[in-house]
Amino acid sequence: MSIPKPDATLIKKINQNDRNAQFQLFEMTKGMLYSTCFRIIGDEEEAHDILQEVYVEVFQNIRKLKNPEALISWMKTIAVRKAIHHSKKKIYFEPVENQEMETTEAFDSWFDAEILDQAILSLPSGAKAVFLLTTVEGYSHKEAAKLLNITVSTSKSQLHYAKSLLKSRITKLLKA
């Protein structure tokens, strides 16, 4: 999936409250931002609500954006933060000290995105949040820890736990 690149003219029109330009940015980015929200929230209706909040904040604060080239990453950051804030009450970090984890040997089976999505959605909320932030969205453990209000070591252990669970759950789904 290629990341959309709004040009300076579009951003200038958005800053002038041009509704057509705002709609154009919405159409250009809605799929990517909805996907981000849904992966974190795990609920379609709530993800749509969060998406709406994201665009309200974007259009209210776009004038403050100093670097127009950073627009898309700025929008993704808003989406991630809003989705995490919305789901804070639902995110629980399981202690991993007592969890049996598989080794990280190579995974040699083929599987499609649907199986991966099922496995990711089945992860415990804390492990899923860390996995999505670090592996899917590209945040560092330090950034993920700050967003989730946990330590860097908790972020790292939850990621290891998530990967271990994903491997075993994908293996089970492939055998089913």
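The sections below set out a description of the structure shown in this document. This one's a predicted model, so the numbers in the text were calculated from it and none came from an experiment.

## Topic: the overall build of the protein
- Check the secondary structure of the protein and you find eight helices and zero strands.
- If you list the helices and strands of the protein from N to C, you get α-α-α-α-α-α-α-α.
- Sorting the 176 residues of the protein into buried and exposed places 39% on the buried side.
- Look at the contacts in the protein between residues 6 or more apart in sequence, and 70% of them connect residues 24 or more apart.
- Summed over its atoms, the accessible surface of the protein is roughly 10700 Å², and 51% of this surface lies on carbon and sulfur atoms.

## Some points on the nonpolar core
- In this structure, L33, V54, M75, F131, L133 and L148 are the most contacted members of the largest nonpolar core, which totals 50 residues.
- Counting only elements with at least two residues in this core, the list comes to helix 1 (8-15), helix 2 (19-41), helix 3 (44-61), helix 4 (71-87), helix 5 (113-121), helix 6 (125-136), helix 7 (141-148) and helix 8 (152-175).
- Setting aside residues no more than four positions away along its own chain, V54 makes contact with L33, C37, M75, I78, A79 and K82.

## Quick look at unusual backbone geometry
- With a phi close to 60°, N17 is a non-glycine residue in the positive phi region.
- For N17, the location among the structural elements is in the loop between helix 1 and helix 2.
- N17 sits in the partly exposed class, given a relative accessible area of 41%.
- Unusually for a residue other than glycine, N149 sits at a positive phi of about 60°.
- Of note, N149 is situated in the loop between helix 7 and helix 8.

How each quantity is defined
- Going along each chain's sequence as written, the residues are numbered from 1 onward.
- Local features in this predicted model are restricted to residues whose pLDDT is 70 or higher, and side-chain atom pairs enter the listing and the counts only when it is 80 or higher, whereas totals over whole chains, interfaces and linings include all residues.
- With hydrogens and water stripped out, all remaining heavy atoms of the structure feed into the side-chain values.
- Numbering of helices and strands starts at the N terminus; helices are DSSP runs of H or I of at least 4 residues and strands are runs of E of at least 2.
- Exposure categories follow from relative accessible area, calculated using a 1.4 Å probe and restricted to protein chains: below 20% of the type maximum is buried, above 50% is exposed, and the middle band is partly exposed.
- The contact rule is simple, with two residues in contact once any of their heavy atoms fall within 4.5 Å.
- Using the Shrake-Rupley algorithm and a 1.4 Å probe, accessible areas are obtained, with residue cover drawn only from the displayed protein chains.
- Side-chain atoms within 4.5 Å are what join buried Ala, Val, Leu, Ile, Met, Phe, Trp, Tyr and Cys residues into a set we call a nonpolar core.

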